[in-house]
Amino acid sequence: MSSTPRVAILISGSGSNLQAFIDEIAEGGYPAQICGVVSDKPSAYGLQRADSAGLPTRVVRRGDYPSRDAFDAGLLQALTALQPDIVVLAGFMRILRGEIVARYAGRLLNIHPALLPKYKGLDTHARCLANGDPVHGSTVHFVTAELDDGPGIIQAQLEVAPEDDVASLQQRVQALEHRIYPMAVRWLAEGRLAFLDGQVVLDEQPLATPVLVTADDLRG
Ligand code: GRF
């Protein structure tokens, strides 16, 4: 790791989680720096957020490559050029495969808007509401070759309100994401968090389950 670890952030959309990192770093004292933002979509609003923050950006479009393997190679090349110590997926809507996952094993994180292992994949808020779940939330996890299946690091949980709809749940979950994602990356950058032999270790203790925080814990 660099003395101030370099974090590459991969996005496809709004980039509100990217913004949470930008804001946290701007406050000072954060133990990592953003070395660049990569998007597979030229129209991603997160690219504008990155520009406004003076961060280098790269666009790697699937349509510019003849095959999925060639796209993966282009993505790896763009990432390698940024020399990241840590790679953060923040709403990146493509599944990372093979070499990228292997290259950044233990340094590659994702955030998924559900309390994994519940609701892997898409439409998590709608599925939570359809099932009448009393609680919902988001999970930061290490990325492995399986989709939304890497071991969890931290989960933020909230109570589903009777008046919640998809939009309100998404908004409330994202507000929690903006707190827990920079927290998990902080732990990794500080050397407190590791992924060793398939096991998440935090402060030298193996984590049997992700750290669980509630909306109340994060208030204030
Ligand atoms: C987040 O809700 C995250 O959980 C999911 O994609 C969304 C990205 O939102 N993986 P944003 O682009 O960071 O606003």
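Every value quoted in this text rests on a predicted model; they were computed, and no experiment measured them. (Residues numbered from 1 in each chain as written. Predicted model: local features only at pLDDT ≥ 70, side-chain atom pairs only at ≥ 80, totals over all residues. Heavy atoms only, no water.)

Some thoughts on the overall build of the protein chain
Okay, step 1: Of the regular secondary structure elements, the protein chain holds seven helices and 11 strands.
Okay, step 2: Relative to the compact-globule value of 17 Å for 220 residues, the protein chain shows a C-alpha radius of gyration of 17 Å, a close match.
Okay, step 3: Principal-axis analysis of the C-alpha atoms places the extent of the protein chain at approximately 45 × 40 × 35 Å.
Okay, step 4: With 220 residues in all, the protein chain has 47% of them scored as buried.
Okay, step 5: As displayed, the protein chain offers around 10400 Å² of accessible surface, 49% of which is attributable to carbon and sulfur atoms.
Okay, step 6: Charged side chains in the protein chain number 19 positive and 26 negative. The centres of these two groups are separated by 6 Å. (Helix = DSSP H or I, 4+ residues; strand = E, 2+ residues; numbered from the N terminus. Rg over C-alpha atoms; globule rule 2.2 N^0.38 Å. Buried < 20%, exposed > 50% of the residue type's maximum accessible area, 1.4 Å probe, protein only. Areas by Shrake-Rupley, 256 points an atom, 1.4 Å probe, with all protein chains shown as cover. Lys, Arg positive; Asp, Glu negative; His and termini not counted. Charge placed at Lys NZ, Arg CZ, Asp CG, Glu CD.)

Observations concerning the nonpolar core
Okay, step 1: Among the nonpolar cores identified, the biggest contains 46 residues, and Ile9, Val88, Leu109, Val140, Ile153, Tyr181 and Val185 are the most heavily contacted of them.
Okay, step 2: When near neighbours in sequence (up to four residues on either side) are disregarded, isoleucine 153 contacts Leu109, Val140, His141, Phe142, Ala184, Trp187, Leu193, Val200, Leu207, Pro210 and Val211.
Okay, step 3: With 20 residues, the next largest nonpolar core counts Val38, Val60, Leu76 and Ala78 among its residues. (Core = buried A, V, L, I, M, F, W, Y, C linked by side-chain atoms within 4.5 Å. Contact = heavy atoms within 4.5 Å.)

A short note on the packing of aromatic side chains
Okay, step 1: What the rule picks out here adds up to three aromatic pairs.
Okay, step 2: With a centroid separation of 5.4 Å and an interplanar angle of 65°, the aromatic rings of phenylalanine 21 and tyrosine 181 are classed as edge-to-face. Of the two residues, phenylalanine 21 is situated in helix H1 (residues 16–26) and tyrosine 181 in helix H6 (residues 166–189); the sequence distance between them amounts to 160 residues. Comparing phenylalanine 21 with tyrosine 181 shows no difference in burial state: the two are buried.
Okay, step 3: Here the aromatic rings of tyrosine 65 and phenylalanine 71 are separated by 6.0 Å at their centres, their planes lie at 75°, and the arrangement is edge-to-face. (Phe/Tyr/Trp six-rings, centres within 6.5 Å; stacked < 30°, edge-to-face > 60°.)

Overview of the pairing of strand E2 (residues 33–39)
Okay, step 1: Counting buried positions over the seven residues of E2 gives six, a clear majority of the element.
Okay, step 2: Where strand E1 (residues 6–11) meets E2, six bridges bridge the pair, whose relative direction is parallel. Along E2, the bridge assignment pairs leucine 10 with valine 38.
Okay, step 3: For the segment spanning E1, H1 and E2, crossover handedness is right-handed.
Okay, step 4: Where E2 lies against strand E3 (residues 57–59), three bridges are found, and the strand directions are parallel. If you follow valine 38 over to E3, its bridge partner there is arginine 58.
Okay, step 5: Following the backbone out of E2, through helix H2 (residues 45–52) and into the adjacent parallel E3, one traces a crossover that is right-handed. (Pairing = 2+ DSSP bridges. Right-handed = clockwise from strand over helix to strand, strands pointing away.)

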